[in-house]
Amino acid sequence: MPIVSIACRLVREHRVLFAVYVLLFSIVGALAAGSIGPASAEDYEAARPTAAVVDRDGSTVSRALTAYLENTCELVEVEDTALSLQESAANDYANYVLVIPAGYGDALMAAARTDADAPELECIVSYRNASGALVDQRVRTWTQELYALAAASDAPASELVGLVADAQLTGVAVQTAPTAETGIPVSYLVYCQFALYALFGGIAAIVGTGLFSLRLPSIRQRIGASCVPQTRFDAQVVGAIALCGLAVWAINAGAGLALYHAELAPVPPVFVLLMLVLLLALTLVGMAFGFLVWQLNVRHELIHAICNIAAMVVAFLGGTWVPLDNMSEAVTAVARFTPGYWAVSGMQELVRATSVSPDLVRTVLLDAGIVALFALAIATAGLAVGRARRATQA
Amino acid sequence: MLALIARNVRTSLRNTSIVIWAFLFPLIMATIFMTMFSNFSSSQYASDIPLGVVADARWNAATGLRELVEGLAGEGAAAHSSEETRAVESDASEKDSPLFALTRYATADDARAAVLAGDVAAYLAVDAAGKPVLYVSPADSGTTSQAIIQLVLDRYLQGEELAANLAEHDPAALASSESAASFARNLADSRAGTVELDILREPPQEMSRYYYALLGYSCIMCTDVAKTLIERTRSGASALGDRCQVSATPPSRQLVAAIAASWLIVMASMLVTIAFLWLVAGVSFGGRVWLTPVACAACALVSCAFGAFIGSLPGANPRVKDALVTICTLALSLPAGLFGEPAVELGNWLTRNMPLLQLINPATQATDAFFALTFYDSLAPFGQALAALVGIAAVLALGAALCMRRTRHAHC
């Protein structure tokens, strides 16, 4: 086992890469998961997008509308300046910014009582998702209800907004469909999705860089002069790569379980186990890719570039950073030829899982198997490259 | 001096690592973004929300509700029969598709299986009292799509409540059948609406953020250039550095030449990326592309100062410095929003709650400089980002100068 020891020592000497790729990306994944908030509650809670109100009216109607938005959205402060509104719109600080023009309340009441169209409220709707459109619908519904009341009754605005507020207490009953088991929480899913970069690009970079010395001519000559056969040498290098991959997987998985143990408590252990299997399958791909990069004998400075670019592509095509649903069919079709797609697909099955069923286990294991097949294909390519190079050298 | 700078530029451009990271990597990433985000469908407007219904006898009996939902799904005559349908559809005038994509299920069990499998966002059933009940999956609860379905149904149910409250509050208001009909019509109509403001220089796109974040990422990644050149001139940092230090050229002149050369290289790298984004990817920079070189100059400055600081760190071996560059590139790029939607959310959260942290992050400031140039009318935010970049560069340069000041070595 001396080659394994040497290889492990070489990898260990690059422990700073572990810090960069494994720990840093674990932290990044945890931060990203934290930004989406806690896991969904058992009981249904309607979406509460962020909204801001710029009230230039200050009337009873505008104050009531603001109070309504306060009840249904998370209000954020946006100053009534052109730059603040532009910043909010460009950065999407609020999913919806409502600008209530001066005199709006009186104009609405007057329009309703003369059967005219009410003046329009001004708004800025989020370009990133439909949350802004949802708030817009809520605002339109509220104002239309007030319009209808004002058209039918001569009561003052202060009384009519009270009637609208009372009506908001009425709504459709929303229930959560009962399930036997709780699926994987979304926060843990995000963490695992971010782990893809560490497990694929990270392992490949660590392996490629760590074992680079074994490709140096002087060391190859010394090893070649030793009594270790080539096949045994390759097997021991593969063993070292496996140890390195398993170490990364264990660190990442351990950190994930430690961070999310509370949220994972109600989840059946089988689901968590299947998630770890998917991560292990990704680890195999990272190991295989590292082996391929090592066999390619690329220059030292190219290793990081190849691994990072490949990891970014796989992460994007896996839908880990941006949902694949929004991308074109061509991109989705290409994504199917990457391991990230199948790994994320399996992870999402576990999030949607409602019971421990053979079908679910089979589906997730099938996804993990496809990911492992990618690993096999890449490792085979690595072996072929190594064999071809040896043949050339001979 | 010029000869030294030229030599540094030449040797740097022969360094594969610098060529890859400073010039090729941003172009490759921009190409990947461009390919992946072509035909990216915006999710700004809700449409085709998959909604299941339990199409049993109760559903058929709930005529008003059924017509409303079928109308919003754009089905047959019902799509044009309901006033309420027209109101909600006109609300979402930007979209051509109907609001709902309706799927009928014979039994509640089938509908439940569909919602749990994620085939529909929610399913609707009518209870024994004739009231609608919405069911959602616990794994996918509280989504925007579900809230939109809920809002439509709320609006339907609130009509009766409003009429009852009004009749109680002002009995004369709905005394006649005409006034009651008029009230119902007004409730379902869309006479009080909103208009969307167009206040940005350029319509923002969900995916365009990543191009700006990529520029911030490139700016930090290019610290490698200055780091490498500084290491070549510093005694104790490399063998070449040791030789350079004992040459006839004063060390200060060598350092200035190294920093000037790295600034030129980073500037060139940023300009090449900008040119690619502008000419190939179609990023317009709000029609102010002529100002991008100013931003590039500030980015190059901070990149050089950062690289000089890392390159001059005493006692750190090259591997640690390489790792520092990688760690800083990844960690600082995260709040700039490079790594997808969660990173964008994190960046926005930091901006609102910990603005100082964003202010001292060069990747965020570099991203913001190009972002401000594109979207804001005023050039003040652009100027603020540039000032922040120059300030960060000054602090880092000071740190580098402290690290690079005259050092007495044990062997001297």
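Residues numbered from 1 in each chain as written. Chains lettered and ligands numbered in written order. Predicted model: local features only at pLDDT ≥ 70, side-chain atom pairs only at ≥ 80, totals over all residues.

Colleague: Before we move on, could you go through the overall build of chain A and cite the residues and values that matter?
Modeller: Along chain A, the regular secondary structure elements total 16 helices and 5 strands. Taken against the 2.2 N^0.38 rule, which gives 21 Å for 394 residues, the C-alpha radius of gyration of chain A at 29 Å runs more than 25% over that of a compact globule. Reported as C-alpha extents along the three principal axes, the dimensions of chain A are approximately 100 × 50 × 35 Å. When the 394 residues of chain A are sorted by exposure, 53% land in the buried category. (Helix = DSSP H or I, 4+ residues; strand = E, 2+ residues; numbered from the N terminus. Rg over C-alpha atoms; globule rule 2.2 N^0.38 Å. Buried ≥ 20, exposed ≤ 12 C-beta atoms within 10 Å, placed from the backbone.)

Colleague: If you had to explain the environment of Pro323(A) to someone new, which residues and values would you point to?
Modeller: Residues and elements named next belong to chain A. Counting through the fold element by element, Pro323 comes out in the loop between helix H13 (300–317) and helix H14 (329–335). Among the residues examined, Pro323 registers 13 C-beta atoms within 10 Å and is labelled partly exposed. Taking the C-alpha atoms as reference points, Pro323 and Val270, separated by 53 residues in sequence, lie 26 Å from one another.

Colleague: Provide a residue-level description of the sheet that holds strand E1 (residues 50–55) of chain A, including the pertinent values.
Modeller: Spatial strand order, E2(A)-E1(A)-E3(A)-E4(A)-E5(B): 5 strands in an open sheet with mixed pairing. Looking along the sheet, the strands with just one partner apiece sit at the ends: strand E2 (74–75) of chain A together with strand E5 (194–196) of chain B. In this structure, strand E4 (residues 121–125) of chain A lies alongside E5(B), joined through 3 bridges in parallel fashion. When the bridges of E5(B) are listed, Leu121(A) appears paired with Thr194(B). (Pairing = 2+ DSSP bridges.)

Colleague: Can you explain unusual backbone geometry? Please cite residues and give values.
Modeller: What you tend to see is this: most non-glycine residues have negative phi, and most peptide bonds are trans. Residue and element names in this part refer to chain A. The phi angle at Asp92 is positive, at roughly 60°, despite the residue not being glycine. Relative to the helices and strands, Asp92 is located in the loop between helix H4 (82–91) and strand E3 (96–100). Even without being glycine, Asp115 reaches a positive phi, approximately 60°. Mapped onto the elements of the fold, Asp115 is located in the loop between helix H5 (104–113) and E4.

Colleague: I'd like a rundown of the domain arrangement of chain A, residues and numbers included.
Modeller: Domain annotation of chain A identifies domain 1 (2–40 + 180–393) and domain 2 (50–167). The centre of domain 1 of chain A, based on its C-alpha atoms, is set 49 Å off from the matching centre of domain 2 of chain A. (Domains from an automatic or database assignment.)

Colleague: Lay out the sheet that holds strand E2 (residues 100–105) of chain B in plain terms, naming residues and giving numbers.
Modeller: Hydrogen bonds along the backbone pair up the strands of a sheet, which may run parallel or antiparallel. The strand order across the open sheet built from 5 strands is E5(A)-E4(B)-E3(B)-E1(B)-E2(B), with neighbouring strands paired in mixed fashion. With partners counted over all chains shown, the strands left at the sheet margins are strand E5 (173–176) of chain A together with E2 of chain B, one partner each. Put simply, the sheet's adjacent strands are angled 30° from each other on average, direction ignored. The pairing of strand E3 (residues 122–126) of chain B with strand E4 (residues 132–136) of chain B spans 4 bridges and is antiparallel. Directly across from Ala125(B), in E4(B), lies its bridge partner Val133(B). Here helix H8 (residues 144–169) of chain B sits on the sheet and contacts E5 of chain A together with strand E1 (49–54), E3 and E4 of chain B; the angle it forms with E4(B), its principal contact strand, is near 175°. (Axes fitted to C-alpha atoms, helices over the stretch in contact; angles between N-to-C directions. Contact = placed C-beta atoms within 7 Å.)

Colleague: An account of the environment of Asp43(A) is requested, with residue identities and associated values reported.
Modeller: All names here are of chain A. Here Asp43 lies in the loop between helix H2 (15–35) and E1. By C-beta crowding, Asp43 is classed as exposed, having 11 other C-beta atoms within 10 Å. Each C-alpha atom of the pair Asp43 and Ala198 lies 35 Å from the other, and the pair is 155 residues apart in sequence.

Colleague: Hey, could you go over the interface of chain A and chain B for me, with residue numbers and the actual values?
Modeller: Opposite the 93 residues of chain A that make contact, chain B presents 97 residues. It is helix H6 (residues 131–152) of chain A that contributes the most residues to the side of chain A that touches chain B, 17 residues altogether. Class assignment for the residues of the side of chain A that touches chain B results in 54 nonpolar, 23 polar and 16 charged. (Nonpolar A, V, L, I, M, F, W, Y, C, P; charged D, E, K, R; others polar.)

Colleague: Now, about the confidence of the model for chain A: what can you tell me, with residues and values included?
Modeller: In the predicted model, chain A carries a mean pLDDT of 83, and the fraction of residues at 70 or more is 92%. No element of chain A has a lower mean pLDDT than helix H1 (residues 2–13) of chain A, at 66, and none a higher one than E3(A), at 92. (pLDDT = per-residue confidence, 0-100.)

Colleague: If you had to explain the domain arrangement of chain B to someone new, which residues and values would you point to?
Modeller: The assigned domain composition of chain B is domain 1 (2–39 + 206–404) and domain 2 (49–188). Taking only C-alpha atoms into account, the centre of domain 1 of chain B sits 54 Å from that of domain 2 of chain B.

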